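A closer look at the structure
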Amino acid sequence: MTATTATFSIWRGDRQGGKLVEYQTEIAEGMVVLDAVRRIQADQANDLAVRWNCKAGKCGSCAAEINGKPRLMCMTRLSDVPTNRPILVEPMRTFPLIRDLVTDVSWNFEKKRTVRKFTPRKPDAPDGTWRMAQIDVDRVQEFRKCIECFLCQNVCHVLRDHQLFDEYIGPRLLTHSAALEMHPLDSDHRLSDLRFTQGIGYCNITKCCTKVCPEEIKITDNAIIPLKERLVDRYFDPVAWLFGAGR
Amino acid sequence: MAQYETIRHDVLIIGAGGAGLRGAVEAAARGASVGVVSKSLLGKAHTVMAEGGVAAALGNVDDRDNWRVHFADTMRGGQYVNNWRMAELHAKEAPDRVRELEAWGAVFDRTPDGRILQRNFGGHRYPRLAHVGDRTGLEMIRTLQDHAIFERISFYMEFTIISLLKDGNRVVGALGYQREKGLFFVFQAKAVVLATGGLGRAYKITSNSWECTGDGIALACDAGAELQDMEFVQFHPTGMVWPPSVAGILVTEGVRGEGGVLRNGLGRRFLFDDIPPLYKDQTADNEEEGWRYTQGDKSARRPPELLTRDHVARCIVREVREGRGSPHGGVFLDIAWIKQKIPNAEKHIRTKLPSMYDQFLKLADLDITKEPMEVGPTTHYLMGGVRVDGDSQMSSLPGLFAAGECAAGLHGANRLGGNSLSDLLVFGQRAGEYAARFAKDASLAPVSESAVGESIRQVLAPFENGAKGRGESPYRVQAELQDMMQELVGIVRVEDEMVRALDGIQKLKERSRNLRVEGNRMYNAGWHTAIDVRNLLTMSEAICRGAIERRESRGAHYRVDYPEKSEKFAKVNTVLHKGEDGAFKLRLEPIKEMPAELKQIIEEMK
């Protein structure tokens, strides 16, 4: 194990403004970006604001932009980024800044309440339990791996560039909707909300969300596109479309 | 006069992990107005990291299982100093609490006939852990969160509680601050539930997240509540040891449940060499039988890798100390070997242990389907905590309840894997129920202005040092405490080392009166660390005092100067509280006599 020094260029500031500040710290084998940021916090910048909990890629708290790429700080190893020049660490840009690397992600929590809650069908067995096949739960288990880091929301251009926070719920909550719609026991319907108030039509399947998902959920292919297909089946008669009447 | 806002609720819940959320849902369902204070964002609490599963005697995989067996297993695992009433309620109610999660949307792995699948785990006689691959905690917390947000519950995210407020002896609220702006809030409540989890961050090597600084237990203690069995700290046998920056991160017991084996540096399955008498009859005496057990052969006994965590952790320490460890000071945990036994082993491992596969590949460049992992013990769980009534979860202070890891009793001297997720469901529900009931018969009480003012003055003091450029870094005090606890009050304990630790804690306490916080109050991590340090020091002292007093070895508490169990300590809990002068008082409290029917269950299952 050889100790060397690396430079980190970390965004410091609040809603009034701020700047990138350079810090040098020792790095060692196996370290991740979060280790270095915490070391800088402990040794050089005690009041550096950074959100983290588990440091094991399981809680999704430490999302940031590292050298411009949206990632979890705890799962980004220093061996995977060039250390011969400053490593840029910035907060997620889509959400309002609180301070330094911490952003206000409360919009995601508020918006979740607009997705109709899980409503199970009547139990299958007299003892009040249900029966489900593993093959049927596999599909929703993929979506339920989501750790709510909101990196997908952060890169989605509908939110990042167009700021359509009132009209669109974003990939995270589309995945949440898909998990409910495809839940073998769920008996509620969410397609109307998705179309009319949650803006699924804004998604033009550029797959940026899928690329940044640390849980490797195929957000676009497995969650959003099937929802869009269900919408088409429900609201647009294919024969009418063929003759141009659907527009 | 100090500036603060006041918020009122019937029931205030401190902590938004599994126990807090389950308690909140229960109290709200009973008509109470509920506030949940969460140190982090919703859904990020340490529950999210639980991997292996939730223990409940559903009997879906082996119909010989029932609450009696689960009760006996829990008591045996806890070496009989458990609160037997809690162990009884837990075993009886866990199945309903798990099924209820399914009604709220949880998606557990399935048996071939479509019911909830259950897996093997250490100390459980039958396959008992309902699970979702190796991310059961995430499934549980998300289910509870997504259910709770539609109930009559107010969430206060990224708020930290600084002190509990009392009217006479009764707890009537709490003072907290909101991290974003650094503003103070007084929560007035008819009942307060602590659900703040454990204290792994008192140690250097831990599986615990940032939050686990023993806040609730320290708050209760400072308010005069009794603590119990603080010496029982569980060291999970398998944490990562390499590279150093990931040391301590948990490797689920599920790896061993799926057939993974532990070998020392010489390639020997060393656990076969030392099987405790209490478990001799239940443990395989050859490798073949152990393998058959993990594959569901009901006639086989479990492999020694699935002995209780305290024992496995100690055996690993012994191998390492006697020079038979792995290159980086651990031992080898091998799941890749199962390819000799089953076809498609690689796919099987990735399906059953997906996040372990990812974790090692991404953080250690190691493919667990091909190579063995290096593992060693990591601070994982506190069996002790706030002393509570088994039925209601009320502490020794009226109006103050505690549930989940911050409450003592259920697990005795050692917790079985999977019993923590069931603990937080069963006793989260009970704490919510009894807090709501208590609130119904109580009214809001006035809050002492002077107590609030004094608390605020104390937590703001480090800013004065910061402004004048003097005082000590809270990070430094925290790091020194962690190093010391790791070295002197770890897995293997001895009186003179613990006395030294106590002395060291006193010195750190002195230094912590002179901490320095730089910058302003907005989202200030240094300020938060200063508050954490105060709690960690209280907790570390409590651990030391309990550990020095218990002059025997039992469960997770192992002393080289008293290596055997003692008759005297078999019948007592250690109970601590802070006296009027702020000093700890300790007594040995006799464990209540167990009813004949429970005794009989234990006899039958021996």
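A brief structural summary.

About the criteria used
For every chain, the first residue of the written sequence is number 1, and numbering continues from 1 along that sequence. Note on labels: chains are lettered from A, ligands numbered from 1, in written order. For this predicted model, a pLDDT threshold of at least 70 governs which residues receive local features, and a threshold of 80 or more governs which side-chain atom pairs are given and counted, while totals over whole chains, interfaces and linings are taken from all residues. Excluding hydrogens and water, the side-chain figures rest on all heavy atoms present in the structure. Each helix is a run of H or I in the DSSP string that is no shorter than four residues. Each strand is a run of E no shorter than two, and both are numbered from the N terminus. Burial classes: relative accessible area under 20% of the type maximum marks a residue as buried, over 50% as exposed, and values in between as partly exposed (1.4 Å probe, protein chains only). The contact criterion used is simple: two residues touch if any of their non-hydrogen atoms lie within 4.5 Å. Methods summary: accessible areas were calculated by the Shrake-Rupley approach with a probe of 1.4 Å, and residue burial reflects only the protein chains presented. When charges are tallied, Lys and Arg are placed among the positive residues and Asp and Glu among the negative ones, while His and the ends of the chain are skipped. Lysine's charge is taken at NZ, arginine's at CZ, aspartate's at CG and glutamate's at CD. To obtain an axis, a line is fitted to C-alpha atoms, over the contacting stretch when the element is a helix, and the angle between two such axes runs from 0 to 180 degrees between their N-to-C directions. For classification purposes, angles smaller than 35 degrees are called roughly parallel, those larger than 145 roughly antiparallel, those between 65 and 115 roughly perpendicular, and all remaining angles oblique. Lys, Arg, Asp and Glu make up the charged group, whereas Ala, Val, Leu, Ile, Met, Phe, Trp, Tyr, Cys and Pro make up the nonpolar group; the residues left over, Gly among them, are polar. A pair of Phe, Tyr and Trp rings is counted when the ring centres sit within 6.5 Å of each other, with Trp represented by its six-membered ring. The angle between the planes then sorts it: under 30 degrees is stacked, over 60 is edge-to-face, the rest tilted. Whether a charge sits over a ring depends on NZ of Lys or CZ of Arg being within 6 Å of the ring centre and within 35 degrees of the ring normal. Accessible area that two parts lose when put together, evaluated with a 1.4 Å probe and summed over both, is termed the buried area. Salt bridge, as used here: a side-chain nitrogen of Lys or Arg that lies within 4 Å of a carboxyl oxygen of Asp or Glu. Each polar contact in these results corresponds to two N or O atoms within 3.5 Å; when the atoms are within protein, one needs to be able to donate a hydrogen and the other to accept it, and residues that are neighboring in sequence are counted only if both atoms are side-chain atoms. At least two DSSP bridges between two strands are required for those strands to pair. Residues enter a nonpolar core if they are buried and are Ala, Val, Leu, Ile, Met, Phe, Trp, Tyr or Cys, with the set joined through side-chain atoms within 4.5 Å.

1. Concerning the overall build of chain A
On a plain count of helices and strands, chain A comes out with 10 helices and seven strands. Referenced to the eigenvectors of the C-alpha coordinate spread, the extents of chain A come out at roughly 65 × 50 × 30 Å. Burial status across chain A gives 56% buried among its 247 residues. Partitioning the intrachain contacts of chain A with sequence separation of at least 6 by distance along the chain shows that 62% fall at a separation of at least 24. Carbon and sulfur atoms provide 50% of the accessible area of chain A, an area that totals close to 11000 Å². Separation between the mean location of the 36 positive side-chain charges and that of the 32 negative ones in chain A comes to 1 Å.

2. Digging into the packing of helix 2 (residues 67–77) of chain B against helix 16 (residues 596–604) of chain B
The geometry of a pair of packed helices is captured by two quantities: the angle between their axes and the separation between those axes. Residue and element names in this part refer to chain B. The interhelical angle for the contact between helix 2 and helix 16, taken along N-to-C directions, is 80°, at an axis separation of 9 Å. Looking at the two axes, helix 2 sits roughly perpendicular to helix 16. Contacts from Trp67, Arg68, Phe71, Ala72 and Met75 of helix 2 reach helix 16 at Leu598, Ile601 and Ile602. Its residues placed into classes, the contact of helix 2 with helix 16 shows seven nonpolar, no polar and one charged.

3. Looking at the packing of aromatic side chains
On inspection of all chains with the given rule, the structure shows 15 aromatic pairs over all chains. Ring plane angle 70° and centroid distance 6.1 Å describe the contact between Tyr168(A) and Tyr202(A), whose orientation is recorded as edge-to-face. Separated by 34 residues along the polypeptide, Tyr168(A) in the loop between helix 5 (157–160) and helix 6 (170–181) and Tyr202(A) in the loop between helix 7 (191–196) and helix 8 (208–212) bring together distant segments of the chain. A residue is classified by how much of its surface remains accessible, and Tyr202(A), at 35% relative accessible area, is partly exposed. Members of the aromatic cluster, joined through ring pairs, are Tyr156(B), Phe159(B), Phe185(B) and Phe187(B). The ring centre of Tyr235(A) lies 4.8 Å from the NZ or CZ of Arg195(A), which sits over that ring. Of note, Arg179(B) hangs over the ring of Tyr523(B), and the distance from its end group to the ring centre comes to 5.7 Å.

4. A word on the interface of chain A and chain B
Contact residues are listed per partner, giving 60 residues for chain A and 65 residues for chain B. Taken over both partners, the interface formed by chain A and chain B buries close to 5100 Å², and the fraction arising from carbon and sulfur atoms is 54%. Between the two partners, chain A and chain B, sit nine salt bridges. Close ionic contact of Glu216(A) with Lys362(B) constitutes a salt bridge, the shortest N to O distance being 3.8 Å. Across the contact surface, chain A and chain B share 33 residue pairs in polar contact (both at pLDDT 80 or more).

5. Section: the environment of Glu253(B)
Residue and element names in this part refer to chain B. By the secondary structure assignment, Glu253 is in the loop between strand 11 (233–240) and helix 6 (254–257). A relative accessible area of 1% places Glu253 in the buried class. A distance of 2.5 Å separates the side chain of Glu253 from the side chain of Arg309, its partner in a polar contact.

6. Some details on the environment of Arg51(A)
Structurally, Arg51(A) is set in the loop between helix 1 (33–43) and strand 3 (63–66). Sequence separation between Arg51(A) and Ala63(A) is 12 residues, and the spatial gap between their C-alpha atoms is 8.3 Å. Not counting residues up to four positions away in its chain, the partners in contact with Arg51(A) are Ser61(A), Cys62(A), Ile98(A), Val102(A), Thr103(A), Val105(A), Leu41(B), Glu158(B) and Tyr523(B). Engagement of the side chain of Arg51(A) in a polar contact is seen with the backbone oxygen of Thr103(A), the distance being 2.9 Å. Within the local environment of Arg51(A), its side chain forms a polar contact with the side chain of Glu158(B), the two groups lying 2.7 Å apart.

7. Brief notes about the sheet that holds strand 14 (residues 373–382) of chain B
All names here are of chain B. Taken in spatial order, the four strands line up as 11-14-13-12 in an open sheet, and their pairing is antiparallel. In this open sheet, the two edge strands, each paired with only one partner strand, are strand 11 and strand 12 (261–263). With strand direction ignored, the average angle separating the axes of adjacent strands in the sheet is 45°.

8. Points about the nonpolar core
Among the nonpolar cores identified, the biggest contains 260 residues, and Phe8(A), Met73(A), Phe71(B) and Met373(B) are the most heavily contacted of them. The element contributing the most residues to this core is helix 15 (residues 525–549) of chain B, with 12 residues. In contact with Met73(A), not counting residues within four places along its chain, are Val32(A), Val33(A), Leu34(A), Val37(A), Val50(A), Cys62(A), Ala64(A), Ile66(A), Val89(A) and Leu101(A). Judged by nonpolar contacts, the second largest core, of six residues, contains Val81(B), Met383(B), Ala413(B) and Ala556(B).

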